[in-house]
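# Survey of secondary and tertiary structure
Letter by letter, the chains look like this.
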Amino acid sequence: MTKVAILPIFDASGERSYRAIAKDKESIGKTPGQALDALTAQLGETEFSALLLLQSFHPDEFFSVEQQKRLSELMDLWRKARDEGQSLSQKLQTELDGLVEAELNAATARTASLMESAS
């Protein structure tokens, strides 16, 4: 099963959109669904199945506002470097990878919390 991350991103004017990332592919949409649909088309998977849990993308006890802001900053730097045919420094890439992993862990913890409260 392909793992997909969908993250909120903000442009310079503060307008929110969503970036879906899987493997070496990514897409952007005005909604999480649009981003996921565009990514699924790029992946070329004829049968795509997933269990989706959407959150409001507000800071919580699992992923703080500081972490969200820094992740957004690093993603902006990563996109700029990519567009210029460059890479982030090893230090910034390590920080970005750590925050992506932290957000994935936060999503897992959120899901576990939701499952506990539902039972």
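That block above? That's the structure.
Here is a short report on the structure shown in this document. Predicted model, so just to flag it, every value in this text is computed and none were measured. (Residues numbered from 1 in each chain as written. Predicted model: local features only at pLDDT ≥ 70, side-chain atom pairs only at ≥ 80, totals over all residues. Heavy atoms only, no water.)

## Details of the overall build of the protein
Quick reminder of the rule: In this text, helices come from DSSP runs of H or I with a minimum length of four residues, and strands from runs of E with a minimum of two, each type numbered from the N-terminal end. The contact criterion used throughout is that any non-hydrogen atoms of two residues lie within 4.5 Å. Only the protein chains shown count as cover for residues, and all accessible areas are computed by the Shrake-Rupley method using a 1.4 Å probe.
Scanning the protein from N- to C-terminus turns up three helices and three strands. Starting at the N terminus and ending at the C terminus, the protein contains elements arranged as β-β-β-α-α-α. Within the protein, contacts between residues separated by at least 24 positions form 33% of all contacts whose residues are at least 6 apart in sequence. Taken as a whole, the protein presents about 8,100 Å² of accessible surface, with 55% of it coming from carbon and sulfur.

## Here's the deal with the sheet that holds strand β3 (residues 25-29)
Cut-off, in case you're wondering: Think of it this way: DSSP has to see at least two bridges between two strands before they count as a pair. Only the stretch in contact is used when a helix axis is fitted, and all axes are lines through C-alpha atoms; the angle between N-to-C directions ranges over 0 to 180 degrees.
In spatial order, the strands read β1-β2-β3; together these three strands make up an open sheet with antiparallel pairing. Bordering the open sheet on either side are β1 (5-10) and β3, each of which pairs with just one other strand. Each strand of the sheet is rotated relative to its neighbour by a mean of 25°, with strand direction disregarded. Contacts from helix α1 (residues 32-43) reach β1, β2 (16-22) and β3 within the one sheet, and its direction differs from that of β3 by about 150°.

## Description of the pairing of β1
Here β1 runs beside β2; their pairing, made up of six bridges, is antiparallel. Looking at the pairing, isoleucine 9 lines up with serine 17 of β2. Counted between consecutive antiparallel strands, the loop separating β1 from β2 contains five residues, among which glycine 14 sits at a positive phi close to 90°.

## A word on helix α2 (residues 65-83)
An α-helical turn contains 3.6 residues, so a residue and the one three or four places further along point in the same direction. Heads up, the condition is: Here, expected helix span is obtained from the residue count minus one, scaled by 1.5 Å. For every residue, the accessible area (1.4 Å probe, protein chains only) is compared with the maximum for its type, and the residue is labelled buried under 20%, exposed over 50%, or partly exposed between those bounds.
Here α2 contains 19 residues, and its C-alpha end-to-end distance of 27 Å stays within 8% of the 27 Å for a straight helix at 1.5 Å per residue. Within α2 the residues assigned to the buried category are Leu71, Ser72, Leu74, Met75, Arg79 and Ala81. At the C-terminal side of α2, glycine 85 shows a positive phi close to 75°.

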